[in-house]
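Architecture and fold: a report
The primary structure of each chain is shown beneath.
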Amino acid sequence: MADLKFQTDLGFSVCTSQTRFRLRERVYAGLLRRTVFLALALFVVASAHGAGWGDEWKKTLAGAKAEGHLTVSIPPGDTWRQAILKFQDSFPDIRLEVSGQSAPDYIPRLRQERRAAIYAVDVRMGGARTNHQLIPEGVYVPLRPAVILPEALDDKRWLGGFAGGYSDQEKKYSYTYFAYLTEALYVNRDVVPEREFHKVTDLVDPKWKGKIAMRDPRVIGAGNAAIVLLLRNLGEEFVRRLLLNQGVVFSQDYRQVAEWVVRGQYAIGIGLSDTHLSQFQKEGVGVNVKSLILPETTAVNSGFGAVALLDRAPHPNAAKVFINWVLSREGQAAIAAIVRVNSRRLDVTVVEPPTRVSEEQFKTWFHVSRQENEELADNALKLAKTVLK
């Protein structure tokens, strides 16, 4: 029978029962195609993450429990120690030993140990640039093969996608899990009102001579990162005027620089550690020390939030479990909450909203932690060493 179709007085189309049956067939066929497509997509995702990840994870956990031990080098300070020891709550069968070491301590000690064929450290947590220095020496192995959990690899859960976390040029060894807007300048507003210091050129005003403390820019770290931004945006002459004429006081001790500023001994700080500053402010000290967010002195940073897996790690399975925990939602939430630095994971609460990095900022702003920008960092380091002989 031919399909019949006619218009009612109201303008609606009316179909015969046979036509309705064929319409239903088309609808069901469309639903079936969508179902098959979804199943195929899920299969592709599962394949991308490794079909047998569950078995591999169980095997790795068993191996880690058998090893029963793990050694991690971390940034100095109680805050980082408290954050990393949260791993022990989730994996009590793996005894975690942490060693707080700044870059000037970690690098020579590791080199000395390796010359003596001593392989005592499994994982390094710290600044990305510290890792970059050691990559050419074969100290680290590629990180990606150690990451097993699908949730740790899921691009949708990371600012910039999973691969956006690599800081080294080869995109293999040094992985950053923090991202925040880093400000080079901090001002104790109990001492200096905003109307008197609110722009970057105020740094070289003779009025502030002898009132500036800075993390030593002659070593890798926040002080050097500040000089990178000043050199990039204001030029060498400005940096020379600051370092030579302003009576700046330097220290390689992050806590000391923070304490000087929060207690008002020096009203202006350059290259402060947010971690140490937050620790003082939690205790009610220096609550009016504020960062100065300016285009010339602000960039995307990962701070101490880089992880690397050492070659010939003495506890390889425990090291893998630790790295997966660090990059998991649970691990990132625990570390970010204690250290008070924003995670790159999009499913973790932003702990410091003022320093939150948008997707656009992550893609387009200057990243002080990336190896590709280290030529400028090297120039800043050389300049600081030359000026501050």
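Note: the structure precedes this text.
Described below are features of the structure shown in this document. Computed from a prediction, not measured in an experiment: that's the story for all the values here. (Residues numbered from 1 in each chain as written. Predicted model: local features only at pLDDT ≥ 70, side-chain atom pairs only at ≥ 80, totals over all residues. Heavy atoms only, no water.)

Re the overall build of the protein
- A tally of regular secondary structure across the protein gives 15 helices and 15 strands.
- Each of the 389 residues in the protein was classed as buried or not, and the buried ones make up 51%.
- Within the protein, counting contacts between residues at least 6 apart in sequence, those at least 24 apart form 76% of the total.
- Of the roughly 18,800 Å² of accessible surface on the protein, a fraction of 53% belongs to carbon and sulfur atoms. (Helix = DSSP H or I, 4+ residues; strand = E, 2+ residues; numbered from the N terminus. Buried < 20%, exposed > 50% of the residue type's maximum accessible area, 1.4 Å probe, protein only. Contact = heavy atoms within 4.5 Å. Areas by Shrake-Rupley, 256 points an atom, 1.4 Å probe, with all protein chains shown as cover.)

Remarks on the pattern of salt bridges
- Inspection of the entire model under this criterion finds 20 salt bridges.
- Between R263 and E259 there is a salt bridge; the shortest N-O distance is 2.9 Å.
- With relative accessibility at 26%, the residue E259 sits in the partly exposed group.
- As a salt-bridge pair, R312 and D311 come within 3.2 Å of each other at their nearest N and O atoms.
- Residue R312 is classed as exposed on the basis of its relative accessible area of 53%.
- Residues joined by salt bridges that share partners form a network here, namely E151, D154, K156, R157, R345 and D347. (Salt bridge = Lys/Arg side-chain N within 4 Å of Asp/Glu carboxyl O.)

Observations concerning the packing of helix α9 (residues 236–245) against helix α15 (residues 374–387)
- Taken N-terminus to C-terminus, the directions of α9 and α15 make an angle of 40 degrees; their axes are 10 Å apart at the nearest point. Relative to α15, the element α9 lies oblique. For the crossing formed where α9 meets α15, the hand is right-handed. Here α9 contributes E236, V239, R240, L243 and L244 to the contact with α15, which in turn contributes L383, A384 and V387.
- Along the lines of polarity and charge, the residues of the contact of α9 with α15 split into 6 nonpolar, no polar and 2 charged. (Axes fitted to C-alpha atoms, helices over the stretch in contact; angles between N-to-C directions. Parallel < 35°, antiparallel > 145°, perpendicular 65-115°, else oblique. Left-handed = near helix turned anticlockwise from the far one by under 90°. Nonpolar A, V, L, I, M, F, W, Y, C, P; charged D, E, K, R; others polar.)

Some details on the environment of T79
- Topologically, T79 is positioned in helix α3 (residues 78–84).
- Dropping the residues within four chain positions of it, T79 is found in contact with T275, Q279, I338 and V339.

Notes on unusual backbone geometry
- The phi dihedral of A117 is positive, around 60 degrees, even though this residue is not glycine.
- Topologically, A117 is positioned in the loop between α5 (103–115) and β5 (123–126).
- You can call A117 exposed: its relative accessible area is 51%.
- The backbone phi angle of K171 is positive, close to 55 degrees, even though this residue is not glycine.
- With respect to the helices and strands, the residue K171 is situated in the loop between α7 (150–153) and β7 (175–176).

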